[in-house]
Amino acid sequence: MRSLTPVTIELDAIRSRIADAARAASRDPATIDLVAISKQQPETNVEAVLRAGHRHFGENRVQEAMARWSAFKPQFPDARLRLVGPLQSNKAREAVAFFDAIDSLDRPKLAAAIAEAAQKEGACPDILIQVNTGEEAQKAGVAPADADAFIAEARTTYGLPVKGLMCIPPVAEEPAMHFALLAKIAARNGLSELSMGMSGDFEIAIRFGATMVRVGSALFGTRT
Ligand SMILES: *Cc1c(COP(=O)(O)O)cnc(C)c1O
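Notes on the structure follow. For every chain, the first residue of the written sequence is number 1, and numbering continues from 1 onward in sequence order. Two thresholds apply to this predicted model, a pLDDT of at least 70 for residue-level local features and 80 or more for giving and counting side-chain atom pairs, whereas whole-chain, interface and lining totals are computed over all residues. Hydrogens are left out, water is left out, and the side-chain values use all remaining heavy atoms of the structure.

## Regarding the pairing of strand β1 (residues 33-37)
So, point 1. Counting buried positions over the 5 residues of β1 gives 4, a clear majority of the element.
So, point 2. Looking at chain direction, β1 and strand β8 (residues 212-215) are connected through 4 bridges and run parallel. Bridge assignment links Leu-34 to a residue of β8, and that residue is Val-213.
So, point 3. Whether a crossover is right-handed comes down to one check: with the strands pointing away from the viewer, does the path from the first strand over the helix to the second run clockwise; if it does, it is right-handed. Runs of E in the DSSP output that reach at least two residues are strands. Runs of H or I that reach at least four are helices, and both are numbered from the N terminus. For the handedness criterion, the β-α-β arrangement of β1, helix α2 (residues 43-51) and strand β2 (residues 56-59) is classed as right-handed. Each residue is placed in one exposure class: buried if its accessible area under a 1.4 Å probe, protein chains only, is under 20% of its type's maximum, exposed if it is over 50%, and partly exposed if it falls in between. By definition, two strands form a pair when at least two bridges between them are found by DSSP.

## Some points on the site of the ligand
So, point 1. For the ligand, the full set of nearby residues is Ile-37, Lys-39, Val-84, Ile-168, Met-198, Ser-199, Arg-214, Val-215, Gly-216, Ser-217 and Arg-223.
So, point 2. Definition of a polar contact: a pair of N or O atoms within 3.5 Å, with one able to donate and the other able to accept a hydrogen when the atoms are protein atoms, and with sequence-neighbouring residues admitted only if both atoms are side-chain atoms. Lys-39 is positioned with one of its side-chain polar atoms (N or O) 2.7 Å from an oxygen atom of the ligand.
So, point 3. Here an oxygen atom of the ligand and a backbone polar atom of Ser-217 are 2.8 Å apart.
So, point 4. Burial of the ligand by the surrounding chains reaches 87%, relative to a free accessible area of 380 Å².
So, point 5. Residue polarity follows a fixed list, in which Ala, Val, Leu, Ile, Met, Phe, Trp, Tyr, Cys and Pro are nonpolar, Asp, Glu, Lys and Arg are charged, and the others, Gly among them, are polar. Of the residues belonging to the shell around the ligand, the class tally is 5 nonpolar, 3 polar and 3 charged. Note on definitions. A residue lies near a molecule or strand when any single heavy atom of the residue is within 4 Å of it. Note that accessible areas follow from Shrake-Rupley with a 1.4 Å probe, and for residues the cover is restricted to the protein chains shown.

## A word on the packing of helix α6 (residues 144-156) against helix α7 (residues 176-188)
So, point 1. Interaxial distance between α6 and α7 falls to 10 Å at its minimum, and their mutual angle equals 30°. Comparing their axes, α7 and α6 come out roughly parallel. Every pair of crossing elements has a handedness; the one defined by α6 and α7 is right-handed. Judged by residue contacts, Pro-144, Ala-147, Asp-148 and Ile-151 of α6 engage Leu-181, Ile-185 and Arg-188 from α7.
So, point 2. For the contact of α6 with α7, the per-class residue count stands at 5 nonpolar, no polar and 2 charged. Every axis corresponds to a line fitted to the C-alpha atoms, with the helix fit spanning only the stretch in contact, and the corresponding angles, defined between N-to-C directions, vary from 0 to 180 degrees. Between 65 and 115 degrees an angle is taken as roughly perpendicular, under 35 as roughly parallel, over 145 as roughly antiparallel, and anywhere else as oblique. Crossings are assigned a handedness: left-handed for a near helix turned anticlockwise from the far helix by less than a right angle, right-handed for a clockwise turn. Residues are treated as being in contact if the distance between any of their heavy atoms lies within 4.5 Å.

## Observations concerning α2
So, point 1. Restricting attention to buried positions, one finds in α2 the residues Val-46, Val-49 and Leu-50. When α2 is viewed along its axis, its buried side chains cluster within an angular range of 105° and face the same direction. Seen from the open side of α2, the exposed residues pointing more than 90 degrees away from its buried face are Thr-44 and Arg-51.
So, point 2. If you follow the buried residues of α2, they end up packed against α1 (7-24), β2, α3 (62-75) and α9 (217-220).
So, point 3. Downstream of α2 by a residue or two, Gly-53 has a phi angle that is positive, lying close to 100°. Directions are taken from the helix axis to each C-beta atom, and the arc is the one they span.

What is shown is where atoms sit, not what they do.
Have a look at this one:
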């Protein structure tokens, strides 16, 4: 359905839905960033979105992202790329060197690996901590009960530039309570960035304070 529509039309449509949701929540639309999730999408569509002026993207795999974005980065040097998928400690160095932000920090071992890599690289990407708000066994993220302690550890012990939190609610649940929980944990830890909301629920996430929405299929079409 959507995949037949030119992606630039979808880009405009998503942007106006974000603006409408912001206004409905009495928020300034400029405080909400669209992160275009380009994983498994055809290059031509990603390039069309870049040519349309969009500059903020997310990928979920280090290797795949590097293969694709090594070509785009020289052409679009101001494009920002976030890692939104799980990261193995042994790929921390590559991820730190390549991404502008890592949104999936969720354990001390990885925090240590990122800190060590950042020291070697001389710079550290922005960091978001992923919270497993639904406490799902198969899902990455720190448990809500452990979040405060882990945020403090990431900041203090490892000195990481923690900017905010990310969550992916369970598929079969009403996402609002998960977004509310993430916003509450961020507020009590003095964190301003909230990455929450995907294609199916970004308007709800905006109502609960999202500052970044991660939209893939609603923008680019069904993944290949
Ligand atoms: C794939 C992915 C998205 C985008 O999902 P859509 O439903 O296609 O918008 C968002 N966040 C993460 C972490 C993802 O892996």
